[in-house]
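Spelled out from the first residue to the last, the chains are:
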Amino acid sequence: MTLDRWIALVFITFCCAYGYLAFFTMDQLLPPFMQRNPVWPSTFPKILAILGIIVGLIVLLGLEKTSATAEPSATEINYRRLHEYKLGQALMLLALMVAYALALRPIGFLLATTVFLTGGSAILGERKWHIMIPVAMIATGFVWYLVQEVLGIFLRPFPFFMGI
(Lines give C-alpha, C1' and ligand atoms only; values in the text may rest on other atoms or scores of the structure.)
Protein backbone atom coordinates (compact mmCIF):
# COMPACT_ATOMS: atom_id res chain seq x y z
CA MET A 1 0.00 0.00 0.00
CA THR A 2 1.35 3.46 -0.90
CA LEU A 3 1.96 6.28 1.53
CA ASP A 4 -1.15 8.23 0.55
CA ARG A 5 -3.34 5.22 1.27
CA TRP A 6 -1.74 4.70 4.68
CA ILE A 7 -2.36 8.35 5.48
CA ALA A 8 -5.97 7.97 4.28
CA LEU A 9 -6.39 4.94 6.56
CA VAL A 10 -5.12 6.92 9.57
CA PHE A 11 -7.39 9.81 8.55
CA ILE A 12 -10.42 7.51 8.33
CA THR A 13 -9.61 6.10 11.78
CA PHE A 14 -9.41 9.64 13.19
CA CYS A 15 -12.70 10.62 11.51
CA CYS A 16 -14.42 7.50 12.88
CA ALA A 17 -13.30 8.35 16.42
CA TYR A 18 -14.34 11.98 15.92
CA GLY A 19 -17.69 10.87 14.50
CA TYR A 20 -18.27 8.54 17.44
CA LEU A 21 -17.70 11.43 19.83
CA ALA A 22 -19.96 13.70 17.78
CA PHE A 23 -22.81 11.21 17.43
CA PHE A 24 -22.80 9.56 20.85
CA THR A 25 -21.21 11.78 23.49
CA MET A 26 -21.61 15.47 22.61
CA ASP A 27 -25.38 15.80 22.96
CA GLN A 28 -25.90 13.99 26.26
CA LEU A 29 -25.55 17.10 28.40
CA LEU A 30 -27.78 19.37 26.33
CA PRO A 31 -30.51 21.13 28.29
CA PRO A 32 -34.06 20.09 27.39
CA PHE A 33 -34.90 23.31 25.55
CA MET A 34 -31.97 22.78 23.15
CA GLN A 35 -32.92 19.19 22.35
CA ARG A 36 -35.78 20.41 20.17
CA ASN A 37 -33.56 22.65 18.04
CA PRO A 38 -32.98 21.59 14.43
CA VAL A 39 -29.25 22.42 14.71
CA TRP A 40 -27.31 21.18 17.70
CA PRO A 41 -23.72 21.96 18.74
CA SER A 42 -22.73 18.58 17.34
CA THR A 43 -24.22 19.15 13.86
CA PHE A 44 -21.06 20.56 12.28
CA PRO A 45 -18.76 17.90 13.84
CA LYS A 46 -21.11 15.20 12.52
CA ILE A 47 -20.95 16.66 9.01
CA LEU A 48 -17.16 16.96 9.22
CA ALA A 49 -16.79 13.35 10.35
CA ILE A 50 -18.98 12.01 7.55
CA LEU A 51 -17.27 14.11 4.87
CA GLY A 52 -13.85 13.13 6.24
CA ILE A 53 -14.72 9.43 6.04
CA ILE A 54 -15.99 9.86 2.47
CA VAL A 55 -12.85 11.70 1.35
CA GLY A 56 -10.63 9.18 3.12
CA LEU A 57 -12.42 6.29 1.41
CA ILE A 58 -12.01 7.97 -1.98
CA VAL A 59 -8.26 8.16 -1.45
CA LEU A 60 -8.04 4.70 0.15
CA LEU A 61 -9.89 3.05 -2.73
CA GLY A 62 -7.90 5.01 -5.32
CA LEU A 63 -10.93 6.58 -6.98
CA GLU A 64 -9.13 9.90 -7.45
CA LYS A 65 -6.34 8.38 -9.56
CA THR A 66 -6.47 9.08 -13.27
CA SER A 67 -3.80 6.65 -14.45
CA ALA A 68 -1.69 4.26 -12.43
CA THR A 69 1.17 4.10 -14.94
CA ALA A 70 1.59 7.83 -15.54
CA GLU A 71 4.46 9.70 -13.90
CA PRO A 72 3.29 12.20 -11.25
CA SER A 73 2.91 15.76 -12.50
CA ALA A 74 4.93 18.65 -11.11
CA THR A 75 2.13 19.60 -8.72
CA GLU A 76 1.84 16.13 -7.15
CA ILE A 77 4.12 14.72 -4.48
CA ASN A 78 6.47 12.10 -5.87
CA TYR A 79 7.08 9.68 -3.00
CA ARG A 80 10.16 8.25 -4.67
CA ARG A 81 11.85 11.67 -4.44
CA LEU A 82 10.62 12.60 -0.96
CA HIS A 83 14.15 13.40 0.20
CA GLU A 84 14.31 16.32 -2.27
CA TYR A 85 11.49 18.24 -0.58
CA LYS A 86 12.04 20.76 2.20
CA LEU A 87 11.07 18.48 5.05
CA GLY A 88 13.19 20.44 7.52
CA GLN A 89 11.05 23.53 7.05
CA ALA A 90 7.86 21.51 7.43
CA LEU A 91 9.08 19.85 10.62
CA MET A 92 10.25 23.18 12.05
CA LEU A 93 6.82 24.70 11.30
CA LEU A 94 5.12 21.76 13.05
CA ALA A 95 7.41 22.22 16.06
CA LEU A 96 6.64 25.94 16.06
CA MET A 97 2.90 25.18 16.02
CA VAL A 98 3.27 22.88 19.04
CA ALA A 99 5.33 25.51 20.86
CA TYR A 100 2.67 28.13 20.04
CA ALA A 101 -0.09 25.94 21.42
CA LEU A 102 1.87 25.32 24.62
CA ALA A 103 2.85 28.99 25.05
CA LEU A 104 -0.55 30.50 24.33
CA ARG A 105 -1.85 30.47 27.92
CA PRO A 106 1.34 31.24 29.86
CA ILE A 107 2.59 34.17 27.76
CA GLY A 108 -0.69 35.43 26.37
CA PHE A 109 -2.23 35.68 22.93
CA LEU A 110 -0.53 38.86 21.77
CA LEU A 111 3.06 37.82 22.45
CA ALA A 112 2.62 34.15 21.48
CA THR A 113 0.92 34.95 18.17
CA THR A 114 3.41 37.69 17.26
CA VAL A 115 6.34 35.34 17.93
CA PHE A 116 4.59 32.54 16.02
CA LEU A 117 3.92 34.67 12.94
CA THR A 118 7.41 36.17 12.96
CA GLY A 119 9.08 32.78 13.51
CA GLY A 120 6.93 31.10 10.86
CA SER A 121 7.77 33.70 8.25
CA ALA A 122 11.47 33.44 9.17
CA ILE A 123 11.36 29.66 8.76
CA LEU A 124 9.75 30.10 5.34
CA GLY A 125 12.60 32.39 4.26
CA GLU A 126 11.56 35.98 4.91
CA ARG A 127 14.49 38.08 6.11
CA LYS A 128 13.06 41.61 6.22
CA TRP A 129 12.68 41.87 9.99
CA HIS A 130 11.67 45.52 9.79
CA ILE A 131 8.58 44.43 7.83
CA MET A 132 7.91 41.05 9.48
CA ILE A 133 7.61 42.23 13.06
CA PRO A 134 5.22 45.18 12.49
CA VAL A 135 3.03 43.11 10.16
CA ALA A 136 2.87 40.30 12.74
CA MET A 137 2.03 42.77 15.52
CA ILE A 138 -0.70 44.49 13.48
CA ALA A 139 -2.23 41.16 12.39
CA THR A 140 -2.13 39.83 15.94
CA GLY A 141 -3.75 42.96 17.36
CA PHE A 142 -6.43 42.92 14.67
CA VAL A 143 -7.31 39.26 15.26
CA TRP A 144 -7.33 39.76 19.04
CA TYR A 145 -9.66 42.76 18.68
CA LEU A 146 -12.03 40.85 16.42
CA VAL A 147 -12.19 37.80 18.67
CA GLN A 148 -12.26 39.66 21.98
CA GLU A 149 -14.38 42.70 21.25
CA VAL A 150 -16.48 41.80 18.22
CA LEU A 151 -17.17 38.12 18.92
CA GLY A 152 -17.00 38.47 22.70
CA ILE A 153 -14.70 35.46 23.22
CA PHE A 154 -12.15 36.02 25.97
CA LEU A 155 -8.52 35.67 24.95
CA ARG A 156 -5.89 36.35 27.57
CA PRO A 157 -3.89 39.10 25.84
CA PHE A 158 -0.96 39.31 28.25
CA PRO A 159 1.08 36.83 30.32
CA PHE A 160 -0.61 35.35 33.37
CA PHE A 161 1.73 37.04 35.84
CA MET A 162 0.63 40.51 34.69
CA GLY A 163 -2.87 39.85 36.06
CA ILE A 164 -4.53 42.14 33.54
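Remember, predicted model here, so these are calculated numbers, not experimental data.

## As for the overall build of the protein
- If you tally the helices and strands in the protein, you get five helices and zero strands.
- Reading the protein from its N end, one meets helices and strands in the order α-α-α-α-α.
- Split into buried and exposed, the 164 residues of the protein put 22% on the buried side.
- Look at the contacts in the protein between residues 6 or more apart in sequence, and 55% of them connect residues 24 or more apart.
- Of the accessible surface of the protein, which amounts to about 12,400 Å², a share of 73% is contributed by carbon and sulfur atoms.

## Re the packing of helix 4 (residues 109-123) against helix 5 (residues 129-150)
- Helix 5 packs onto helix 4 with a crossing angle of 140 degrees between their chain directions and a minimal axis gap of 9 Å. As summarised for this structure, helix 4 and helix 5 are arranged oblique, according to the angle between their axes. Both helix 4 and helix 5 take part in a crossing whose hand is right-handed. Residues Phe-109, Leu-110, Thr-113, Thr-114, Leu-117, Thr-118, Ser-121 and Ala-122 of helix 4 lie in contact with helix 5, whose contacting residues are Trp-129, Met-132, Ile-133, Ala-136, Met-137, Ala-139, Thr-140, Gly-141, Val-143 and Trp-144.

## Quick word on a nonpolar patch on the surface
- Together, Tyr-20, Leu-21, Phe-23, Phe-24, Ile-47, Ile-50, Leu-51, Ile-54, Leu-57, Ile-58, Leu-61 and Leu-63 make up an exposed nonpolar region whose accessible area comes to about 1,200 Å².
- For the nonpolar patch, the leading source of residues is helix 2 (residues 43-61), giving seven residues.
- Assignment of secondary structure puts Ile-47 in helix 2.
- In this structure Ile-47 comes out as partly exposed when scored by relative accessible area, which is 43%.

## What to know about the packing of helix 3 (residues 87-107) against helix 4
- In contact at an axis separation of 8 Å, helix 3 and helix 4 are set at 170 degrees when each is read in the N-to-C sense. Relative to helix 4, helix 3 is oriented roughly antiparallel. Here Gln-89, Met-92, Leu-93, Leu-96, Met-97, Tyr-100, Ala-103, Leu-104 and Ile-107 of helix 3 come into contact with helix 4, specifically with Phe-109, Leu-111, Ala-112, Thr-113, Phe-116, Gly-119, Gly-120 and Ile-123.
- Of the residues contributing to the contact of helix 3 with helix 4, the split by class is 13 nonpolar, four polar and no charged.

## Let's talk about the side chain of Thr-118
- Mapped onto the secondary structure, Thr-118 falls in helix 4.
- Discounting chain neighbours no more than four positions away, the residues touching Thr-118 are Trp-129, Met-132, Ile-133 and Ala-136.

## Regarding the packing of aromatic side chains
- On inspection of all chains with the given rule, the structure shows three aromatic pairs.
- On the numbers, 5.2 Å between centres and 45 degrees between planes, the contact of Tyr-20 with Phe-24 is tilted. Note that Tyr-20 and Phe-24 are positioned in helix 1 (residues 3-24) at a spacing of four residues, about one turn of the helix.
- Classification of Phe-24 as exposed rests on a relative accessible area of 51%.

## Things to note about the environment of Gly-52
- Relative to the elements of secondary structure, Gly-52 occurs in helix 2.
- For Gly-52, the residues in contact, after removing those within four places along its chain, are Phe-11 and Cys-15.

## Some words on the environment of Tyr-18
- Looking at the element boundaries, Tyr-18 is found in helix 1.
- Judged by relative accessible area, which is 30%, Tyr-18 ranks as partly exposed.
- Excluding residues within four positions of it along the chain, Tyr-18 makes contact with Pro-45, Leu-48 and Ala-49.

## Side note on the confidence of the model for the protein
- Per-chain confidence: the protein averages 84 in pLDDT, with 88% of residues scoring 70 or above.
- For the protein, the element scoring lowest by mean pLDDT is helix 1, at 89; helix 4 scores highest, at 93.

Rules used throughout
- The written sequence of each chain sets the order in which its residues are numbered from 1.
- Reporting in this predicted model follows two pLDDT cut-offs: at least 70 for local features of residues, and 80 or more for side-chain atom pairs to be given and counted; totals over whole chains, interfaces and linings ignore these cut-offs and use all residues.
- Hydrogens and waters are ignored; side-chain quantities use all the structure's heavy atoms.
- The helix count covers DSSP runs of H or I at least four residues long, the strand count covers runs of E at least two residues long, and both are numbered beginning at the N terminus.
- Type-normalised accessible area, obtained with a 1.4 Å probe on protein chains alone, sets the label of each residue: buried when under 20%, exposed when over 50%, and partly exposed for intermediate values.
- Contacts are residue-level and defined by heavy atoms, with any inter-residue pair within 4.5 Å sufficient.
- Method for areas: the Shrake-Rupley scheme with a 1.4 Å probe, in which residue coverage is limited to the protein chains shown.
- Note on definitions: angles span 0 to 180 degrees between N-to-C directions of axes, and those axes are lines fitted to C-alpha atoms, for helices only across the stretch in contact.
- Any angle from 65 to 115 degrees is called roughly perpendicular, while one under 35 is roughly parallel, one over 145 is roughly antiparallel, and all others are oblique.
- Note on convention: near helix rotated counterclockwise from far helix by under a right angle means a left-handed crossing. Clockwise means right-handed.
- Nonpolar side chains (Val, Leu, Ile, Met, Phe, Trp, Tyr) are joined into patches within 5 Å and like charges within 9 Å, using only residues with over 30% relative accessible area and no salt bridge.
- By salt bridge we mean one thing: a side-chain nitrogen of Lys or Arg within 4 Å of a carboxyl oxygen of Asp or Glu.
- Amino acids are sorted into nonpolar (Ala, Val, Leu, Ile, Met, Phe, Trp, Tyr, Cys and Pro), charged (Asp, Glu, Lys and Arg) and polar (every other residue, Gly among them).
- Aromatic pairing here means that ring centres of Phe, Tyr or Trp (its six-membered ring) are within 6.5 Å. Orientation follows from the plane angle: under 30 degrees is stacked, over 60 is edge-to-face, and everything else is tilted.
- Confidence of the predictor in every single residue is expressed as pLDDT, which spans 0 to 100.

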